Amino acid sequence: MNEPLVKIALIGQPNVGKSSLFNRIAQQRIAIVSDLAGTTRDIRKHEVEVLGRKALMLDTGGIDETNDEIFSNVKRKAIDCAKEADIILFMVDGKRLPDDKDKELFYELQNLGKKLALVVNKIDNDKEKERLWSFYEFGINDENLFGISVSHNRGTKSLFEWIAKFLPEEEEETQVILNENEVDEGLEDFLMPEDEEPVIEEETNDINVAIIGRTNVGKSSILNALIGEERSVVSSISGTTIDPVDESFEFKDKKITFVDTAGLRRRGKIEGIEKYALMRTKEMLKKANLALVVLDASEELVDLDEKIAGLVDQYGLGTIIVLNKWDENSESFKELEKKVRRKFKFLFYAPIIAVSAKTGRSIDRLKDKIVEIYDNYSQRIPTSVLNKIIEEAVIRHALPSPNGAYLRIYYATQFQSKPPRIALIMNKPNLLHFSYKRYLVNYLRENINFEGTPIHVLARKKGERIEDEELEETFQG
């Protein structure tokens, strides 16, 4: 039985940079980050790795003495969170002098007897390190005081090393690689280097779905129709449901989770936070495998629809375009489909389903399609099958010879799924034109069911590494 993860709590007043540090440790943007004090309101938990060692990160709302209904319980929540934790990071703003409230909170945390660090953020350069002397007033030892700048990524290494000392070392896991018998004889030399060999990812029955679209297209109604029940708003205060709330249901042996649904359930205009609507969509997409792009079929498509849908293409997710309220429009489905295809050419691979959240029409079909698209998105094509298709494609349409150069594809391998990513091992990858990549992607689609999923194709030489930055810029078809 696995030991429970060590818990790390982030505590501090509003707007000291806790969410930014949380994101830095989690290596992805999960918390909302802004200059608006009080944006984080609930305790978030996220499994993280600190220098290769796993822990559970707890991020709390800023502690602030106020009569505001939202913040009245935040201090209690934060202290409860600290009591639950094994390690406490108390964060303060290095641009300001320590105040009595900071000291009072620090001493209260110190009395808990936990491993405690004082993290002074916004120490952006060497000159500003002098400000650290002021924080020795807390009675903190050198080894527990860290001057950092999250925005400039300064000083965080020492902090991470301190945290890692209290985390158990990870047991080594044996990777399961693809069966080498799948590789055609004579092609073994063109496998990726050992640290890049295709790995069979752990199979999971969990599907994370983001429901996105502009305001009032019916996202909440579709969520309710899919889940099969009405869910209530968490609070009567406008804006209190802005932090992530995930909702799930079981279907066909899959657990389908709709991520970050709080943003769908907000009521009214939230002053000062509305500007984060597009960023919130991005946060949802980072957590998701699939996206439902919801459009209002009873209204004309607008540029904002296209802008939001473009984010799905950017994040390379499995995609379904959902036309809500189609029953309220006299336009035929074929006419409407043509309009959508013209507007969203970049999502040509995404199926279009017309539904009515009000009557429930085609909701079951949408559930089936979610499972089907996820299977396409997470599939792994056997190496021998992939190479046979690529070979046929090259025979049908020969590789170009730019400036007389002889191009040759030695080998193709799928090195990742979710979405499918395929490497072409070539003699001169930099000379392969994007139009021929597009041809290969289309030929793959003709022979394998990739409906609803983008395909990323990279050309590279034998033994070349594929860098993370390169993956972000891969061709998408």
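Just so we're clear, the structure is a prediction, and the values are computed from it rather than from any experiment. (Residues numbered from 1 in each chain as written. Predicted model: local features only at pLDDT ≥ 70, side-chain atom pairs only at ≥ 80, totals over all residues. Heavy atoms only, no water.)

Draft legend 1. Just a positive patch on the surface, in detail. Side chains of Lys334, Lys338, Arg342 and Lys345 sit close together on the surface and give a patch of like positive charge. Judged by its relative accessible area of 62%, lysine 345 is exposed. (Patch = residues over 30% accessible without salt bridge, like charges linked within 9 Å, V, L, I, M, F, W, Y side chains within 5 Å. Areas by Shrake-Rupley, 256 points an atom, 1.4 Å probe, with all protein chains shown as cover. Salt bridge = Lys/Arg side-chain N within 4 Å of Asp/Glu carboxyl O. Lys, Arg positive; Asp, Glu negative; His and termini not counted. Charge placed at Lys NZ, Arg CZ, Asp CG, Glu CD. Buried < 20%, exposed > 50% of the residue type's maximum accessible area, 1.4 Å probe, protein only.)

Draft legend 2. View of the packing of helix α11 (residues 383-396) against helix α12 (residues 434-447). Two elements in contact, α11 and α12, have axes separated by 10 Å at closest approach and are oriented at 125°. By the criterion of interaxial angle, the relationship of α11 to α12 is oblique. The handedness of the crossing between α11 and α12 comes out as right-handed. Contacts from Leu386, Ile389, Ile390, Glu392, Ala393, Val394 and Arg396 in α11 reach Tyr436, Tyr439, Leu440, Tyr443, Leu444 and Asn447 in α12. (Axes fitted to C-alpha atoms, helices over the stretch in contact; angles between N-to-C directions. Helix = DSSP H or I, 4+ residues; strand = E, 2+ residues; numbered from the N terminus. Parallel < 35°, antiparallel > 145°, perpendicular 65-115°, else oblique. Left-handed = near helix turned anticlockwise from the far one by under 90°. Contact = heavy atoms within 4.5 Å.)

Draft legend 3. Looking closely at unusual backbone geometry. In the segment running from lysine 418 into proline 419, the intervening peptide bond is cis, with an omega of 0°. Looking at the secondary structure, you find proline 419 in the loop between β13 (409-416) and β14 (421-426). Along the polypeptide, lysine 418 turns up in the loop between β13 and β14. Lysine 418 sits in the partly exposed class, given a relative accessible area of 28%.

Draft legend 4. The arrangement of helix α3 (residues 100-110) in detail. Restricting attention to buried positions, one finds in α3 the residues Asp102, Lys103, Leu105, Phe106 and Leu109. Looking straight down α3, one finds that the buried residues subtend no more than 165° of arc, so they occupy a single side. (Arc of directions from axis to C-beta.)

Draft legend 5. Structural context of the pattern of salt bridges. Enumeration according to the criterion identifies 22 salt bridges in this entry. Between lysine 122 and aspartate 93 there is a salt bridge, with the nearest N and O atoms lying 3.1 Å from each other. Pair noted here: lysine 122 is in the loop between β5 (115-121) and β6 (145-147) and aspartate 93 is in strand β4 (residues 87-93), with a separation of 29 residues, a long-range link. For aspartate 93, a relative accessible area of 9% puts it in the buried group. Among the salt bridges present, the one from lysine 95 reaches glutamate 128, with a minimum N-O distance of 2.9 Å. Pair noted here: lysine 95 is in the loop between β4 and α3 and glutamate 128 is in the loop between β5 and β6, with a separation of 33 residues, a long-range link. Here lysine 95 falls in the partly exposed class, since its relative accessible area comes to 39%. Glutamate 128 gets classed as buried once you look at its relative accessible area, which sits at 13%. One salt-bridge network, in which partners are shared between bridges, spans Lys95, Asp124, Glu128 and Arg131.

Draft legend 6. Spatial organisation of the packing of helix α5 (residues 219-227) against helix α10 (residues 363-378). Interhelical geometry of α5 versus α10 gives an angle of 85° and a closest axis separation of 10 Å. Relative to α10, α5 is oriented roughly perpendicular. Where α5 approaches α10, its residues Ile222, Ala225 and Leu226 are matched on the opposing element by Ile363, Leu366 and Lys367. Tallied by class, the residues present in the contact of α5 with α10 amount to five nonpolar, no polar and one charged. (Nonpolar A, V, L, I, M, F, W, Y, C, P; charged D, E, K, R; others polar.)

Draft legend 7. Molecular detail of helix α1 (residues 18-26). Burial runs high along α1: seven of the nine residues are buried. Here α1 has its buried residues at Lys18, Ser19, Leu21, Phe22, Asn23, Ile25 and Ala26.

Draft legend 8. Structural view of the environment of valine 355. With respect to the helices and strands, the residue valine 355 is situated in strand β12 (residues 352-355). Here the alpha-carbon distance between valine 355 and valine 322, two residues 33 residues apart in the chain, equals 6.9 Å. Once residues within four sequence positions are removed from consideration, valine 355 is found in contact with Ile222, Val322, Leu323, Asn324, Lys325, Trp326, Arg361, Ser362 and Ile363.

Draft legend 9. The arrangement of the confidence of the model for the protein in detail. Considering every residue of the protein, the mean pLDDT works out to 76; 73% of them sit at 70 or more. Contacts of residues 230-244 to residues separated by more than four positions or lying in other chains number 44 contacts, the stretch itself having pLDDT below 50. Residue range residues 265-275 is modelled with pLDDT below 50. Its contacts to residues more than four positions away, or to other chains, number 23 contacts. (pLDDT = per-residue confidence, 0-100.)

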